[in-house]
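# A look at the structure
Residues per chain, in single letters:
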Amino acid sequence: MKIFFVLGYGVPKDIMIDENYNRYLGFVFNKIFDEARGQSAYVGFCGGHTDCFPPYKRTEAGEMKKLFVHLAHRSFVRKETKNWHYIKEERSVCRLENFLYAYEYVKKENIKKLEITFFCEYTRRKRAKELIKRIFEGYKVNLESVDFDLSLNRYLDEEFIEKKEKRQVAWSIRALKDKKELKKFIQNHKDKLVFFREHDYINNPHVVKKWWNKNDILN
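Note that this is a predicted model, so its numbers are computed, not measured. (Residues numbered from 1 in each chain as written. Predicted model: local features only at pLDDT ≥ 70, side-chain atom pairs only at ≥ 80, totals over all residues. Heavy atoms only, no water.)

With respect to the helices, strands and loops of the structure, Thr 59 is situated in the loop between β2 (41–46) and α2 (60–72). C-alpha of Thr 59 to C-alpha of Val 11: the two residues are 48 residues apart in sequence and 6.7 Å apart in space. If we skip the residues at most four places from it in the chain, Thr 59 touches Val 11, Gly 47, Gly 48, His 49 and Glu 90. A distance of 2.7 Å separates the side chain of Thr 59 from the side chain of Glu 90, its partner in a polar contact. (Helix = DSSP H or I, 4+ residues; strand = E, 2+ residues; numbered from the N terminus. Contact = heavy atoms within 4.5 Å. Polar contact = N/O pair within 3.5 Å; in protein donor to acceptor, adjacent residues only side chain to side chain.)

Set out below in structure tokens:
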């Protein structure tokens, strides 16, 4: 059986017209369409309550599913997609949790001959690859990194992005080995979300770099 996990990246104001998410999920849809043609497939959307638009009720998974199902219900693809099943993982607030909850689902279902594919954003590909290697040991997992982002964050200084990603990998590895570190790691991401909301992340994308410099990379 084929299962595909789509990692979320925030909650846009309107995902149906959001250019980044339409590029991302368009690529994902086409890839799954080709890989699962003539078969049933499970598509898992990963991401919790990271909405930065009041009243902060929406989830990454819920919004992604909405757009994806719209793509799947088009008349000229419906014959192939009618046997697709959708999963929403809405508890996570960080990338590490995405993988841990996906692993929890895979273990619970105990499916034999399972083919797993993850989709992630391009600049986070090294982090995703490292976490997959450590969490999904013994499973065959494919990783598709998609360079869909045309926002400011995609064009941040290359050295900064590399440093940020290495920092996240190192802390993620510690968190996998120590429950106290895991709790601190998750809380750090919850604090980041509060910071984004308080500093108008929607209209001020520079908040991203400001957070990492003050609260993660330099600590």
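After that view, the rundown keeps rolling.
Let's shift gears to the packing of aromatic side chains. Across all of its chains, the model carries 21 aromatic pairs by this definition. For the ring pair Tyr 24 and Phe 148, a centre distance of 4.4 Å and an interplane angle of 20° mean the geometry is stacked. Remark: Phe 148 occurs in the loop between β5 (141–146) and α6 (158–177) and Tyr 24 occurs in helix α1 (residues 19–35); sequence separation between them is 124 residues. Overall, Tyr 24 belongs to the buried group, its relative accessible area being 0%. Ring centres 5.5 Å apart and planes at 55° place the aromatic pair Phe 29 and Trp 84 in the tilted group. Here Trp 84 lies in strand β3 (residues 84–89) and Phe 29 lies in helix α1, a separation of 55 residues in the sequence. We note that Phe 29, like Trp 84, is buried. Taken together, the ring pairs connect Phe 5, Phe 99, Tyr 103, Phe 118, Phe 136 and Tyr 139 into an aromatic cluster. Directly above the aromatic system of Tyr 56 lies the positively charged group of Arg 197, at a separation of 4.3 Å from the ring centroid. (Phe/Tyr/Trp six-rings, centres within 6.5 Å; stacked < 30°, edge-to-face > 60°. Buried < 20%, exposed > 50% of the residue type's maximum accessible area, 1.4 Å probe, protein only. Lys NZ or Arg CZ within 6 Å of the ring centre and 35° of its normal.)

Our focus in this paragraph is unusual backbone geometry. For the bond from Pro 54 to Pro 55, the omega torsion is 10°, close enough to zero to count as cis. Looking at the element boundaries, Pro 55 is found in the loop between β2 and α2. Positive phi is not limited to glycine here, since Tyr 56 has a value of about 60°. Inspection of the secondary structure puts Tyr 56 in the loop between β2 and α2. When its relative accessible area of 31% is taken as the criterion, Tyr 56 is described as partly exposed. Of note, Asp 200 is a non-glycine position whose phi angle comes to about 55°, a positive value. Among the structural elements, Asp 200 can be located in the loop between α7 (179–198) and α8 (207–217). On the basis of relative accessible area, Asp 200 is assigned to the partly exposed category, the value being 38%.

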